[in-house]
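Structural characterization, general
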Amino acid sequence: MSSLSITTRKSLMLFSGRAYPELADEVGKYLDVTVTPQSAYDFANGEIFVRFEESVRGSDAFLIQSCGVPINTWVMETLIMIDALKRASAKRITVVLPFYPYARQDKKHRGREPISARLISDLLKTAGAQRLMTVDLHTDQIQGFFDGPVDHLFAQPLLGGYIGKKYSGDDLAVVSPDSGRVRTAERWADRLGGAPIAFIHKTRDPSRPNQVVANRVVGEVKDRTCIIVDDMIDTGGTIAKAVKQVLEDGAKKVVVAATHGVLSDPAAERLAASGACEVVLTNTLAIPPSHQFEQLTVLSIAPLIAKAIHEVFEDGSVTSLFDN
Ligand code: R5P
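Residues numbered from 1 in each chain as written. Predicted model: local features only at pLDDT ≥ 70, side-chain atom pairs only at ≥ 80, totals over all residues. Heavy atoms only, no water.

1. So, the overall build of the protein chain
- Per the secondary structure count, the protein chain includes 8 helices and 14 strands.
- A globule of 324 residues ought to have a C-alpha radius of gyration of about 20 Å, and the protein chain, at 21 Å, matches this closely.
- Over its C-alpha atoms, taken along the principal directions, the protein chain stretches across nearly 80 × 45 × 35 Å.
- For the protein chain, the proportion of its 324 residues judged to be buried stands at 49%.
- For the protein chain, contacts bridging at least 24 residues in sequence account for 63% of all contacts bridging at least 6.
- Looking at the protein chain as shown, the accessible area adds up to about 15700 Å², and 50% of this sits on carbon and sulfur atoms.
- Of note, the protein chain has its 36 positive side-chain charges centred 3 Å away from the centre of its 39 negative side-chain charges. (Helix = DSSP H or I, 4+ residues; strand = E, 2+ residues; numbered from the N terminus. Rg over C-alpha atoms; globule rule 2.2 N^0.38 Å. Buried < 20%, exposed > 50% of the residue type's maximum accessible area, 1.4 Å probe, protein only. Contact = heavy atoms within 4.5 Å. Areas by Shrake-Rupley, 256 points an atom, 1.4 Å probe, with all protein chains shown as cover. Lys, Arg positive; Asp, Glu negative; His and termini not counted. Charge placed at Lys NZ, Arg CZ, Asp CG, Glu CD.)

Structural data, given as structure tokens:
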């Protein structure tokens, strides 16, 4: 006999980094798969050790890591876990990063700067990741940084569905906090039944990260419920200034919607005092109690991630999740 044939079975295995295991557990519940047990600890000098407690040989491995603070630790842990999966003969490794780290460094603004978003993709690939799944990239072109299939998921149906229902009786306007996110605002406007859009003309000082110099509203916001949309809220500076600006321009009330709640200090205080009646985020990143505030609503991204993982595992269609 010149060959031996066997029929193989695919097995989906779920893995979680230590950054936000609750999200992986929630995804697992939707998939009816428990997260694979592992030992993970830090050496005295900060080096990370991870070992899976079950065989992963031949598995279709999905590794979920929400890279919050300390972001560099969680990136390194992700790389180490991918390496462990690769060396333990996982058949396919998909890294699920609900929040893509370093996404804001996607181009050189001036000479002698890194393109760190590209570096992250290169590191993932070098470690052994074959596929990447992520939610609302800061810019779409980051998909091309990773040399392999990228499942780019969108939180807008989740956020927009919630807001569209809750504020259905209001005269809405969708506001982009900067000119770069106008296309996103257009998509929101479509979902919200053709609401008008506006944007904040924002001037930044390129030598000072997280600092906005000046704001001006372009578009009609007077007497409207303004939905300010962004991909992420970090220190809250951009959003707090945008809320203030649209209220000064006569907005009736302001709702903020963003996918990633990075919420570095003093974001919670800023958002709480911003004048927004509601701030709606997803849980792509953990939002600890110390970063929560009265107007905050957090919608779970877990069902969407679970559905996408299921489609990838079954060789189905991730795109179909976003049809209509
Ligand atoms: C900028 O391009 C991003 O979309 C966010 O608006 C920005 O990163 C938010 O940062 P912060 O909350 O610190 O103003």
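2. Comments concerning the side chain of Ser59
- Residue position: Ser59 is located in the loop between strand 3 (48-52) and strand 4 (60-64).
- For Ser59, a relative accessible area of 1% gives the class buried.
- Excluding anything up to four places from it in sequence, Ser59 contacts Ser11, Met13, Ala90, Lys91 and Arg92.

3. With respect to the packing of aromatic side chains
- In the structure shown here, the tally under the stated rule is 4 aromatic pairs.
- The interplanar angle of 65 degrees and the centroid separation of 5.8 Å between the aromatic rings of Tyr41 and Phe43 together place this pair among those described as edge-to-face.
- Under the relative-accessibility criterion, Tyr41 is labelled partly exposed at 42%.
- Cluster of aromatic residues (ring-pair linked, three or more members): Tyr41, Phe43 and Phe49. (Phe/Tyr/Trp six-rings, centres within 6.5 Å; stacked < 30°, edge-to-face > 60°.)

4. Re the site of the ligand
- For the ligand, the set of nearby residues contains 16 residues, the closest of which are Asp230, Asp231, Thr235, Gly236 and Thr238.
- In this structure, Thr235 approaches the ligand through a side-chain N or O atom, which is 2.5 Å from an oxygen atom.
- Note that an oxygen atom of the ligand is positioned 2.5 Å from one of the side-chain N or O atoms of Thr238.
- In isolation the ligand exposes 380 Å². Once the protein is present, 92% of that is buried. (Near = heavy atom within 4 Å. Polar contact = N/O pair within 3.5 Å; in protein donor to acceptor, adjacent residues only side chain to side chain.)

5. Considering the side chain of Gln156
- Within the secondary structure layout, Gln156 lies in helix 4 (residues 156-166).
- The buried category is assigned to Gln156, whose relative accessible area is 15%.
- Sequence-distant contacts of Gln156, that is, excluding residues within four places in its chain, are made with Asp136, Gly161, Arg187, Trp188 and Arg191.

6. Points about the sheet that holds strand 4
- As summarised here, the arrangement of the 5 strands in space is 1-4-5-6-7, forming an open sheet in which the pairing is parallel. This sheet does not close on itself; its edge strands, each paired only once, are strand 1 (12-16) and strand 7 (150-153). Each strand of the sheet is rotated relative to its neighbour by a mean of 20 degrees, with strand direction disregarded.
- Bridging between strand 1 and strand 4 involves 5 bridges; their strand directions are parallel. Within the sheet, the bridge partner assigned to Phe15 lies in strand 4 and is Leu63.
- Set on the sheet, helix 2 (residues 71-87) makes contact with strand 1, strand 4 and strand 5 (92-97); between it and strand 5 the angle comes to about 165 degrees. (Pairing = 2+ DSSP bridges. Axes fitted to C-alpha atoms, helices over the stretch in contact; angles between N-to-C directions.)

7. Considering the packing of helix 4 against helix 5 (residues 182-191)
- Between helix 4 and helix 5, the least distance of the axes is 10 Å, while the angle of their chain directions is 50 degrees. Accordingly, the angle class assigned to the pair helix 4 and helix 5 is oblique. Helix 4 and helix 5 meet at a crossing whose hand is right-handed. Facing helix 4, whose interface residues are Gln156, Pro157, Leu159, Gly160, Gly161 and Ile163, helix 5 presents Arg187, Trp188 and Arg191.
- By residue class, the composition of the contact of helix 4 with helix 5 is 4 nonpolar, 3 polar and 2 charged. (Parallel < 35°, antiparallel > 145°, perpendicular 65-115°, else oblique. Left-handed = near helix turned anticlockwise from the far one by under 90°. Nonpolar A, V, L, I, M, F, W, Y, C, P; charged D, E, K, R; others polar.)

8. A few points about helix 1 (residues 21-31)
- Listed in full, the buried residues belonging to helix 1 are Leu23, Ala24, Val27, Gly28 and Leu31. Looking down the long axis of helix 1, one finds its buried residues gathered within 140 degrees of arc, a one-sided arrangement. Along helix 1, exposed side chains directed more than 90 degrees from the buried face belong to Lys29 and Tyr30.
- Where helix 1 is buried, its residues contact strand 1, strand 4 and helix 8 (302-313). (Arc of directions from axis to C-beta.)

9. A short note on the confidence of the model for the protein chain
- For the protein chain, per-residue confidence averages 95 on the pLDDT scale, and residues scoring 70 or more make up 98% of the total.
- In the model of the protein chain, strand 10 (residues 212-218) stands out as the element of lowest mean pLDDT, 77, in contrast to strand 4, which has the highest, 99. (pLDDT = per-residue confidence, 0-100.)

10. Quick look at the nonpolar core
- By size, the foremost hydrophobic cluster in this structure holds 40 residues, and its most contacted members are Val27, Trp188 and Ile309.
- For this core, the element with the most residues is helix 8, which contributes 8 residues.
- Val27 has contacts with Leu14, Ile64, Ala302, Ile305, Ala306 and Ile309, leaving out every residue within four places of it along the chain.
- Listed in part, the 32 residues of the second largest apolar core include Ile48, Val75, Leu97 and Ala117. (Core = buried A, V, L, I, M, F, W, Y, C linked by side-chain atoms within 4.5 Å.)

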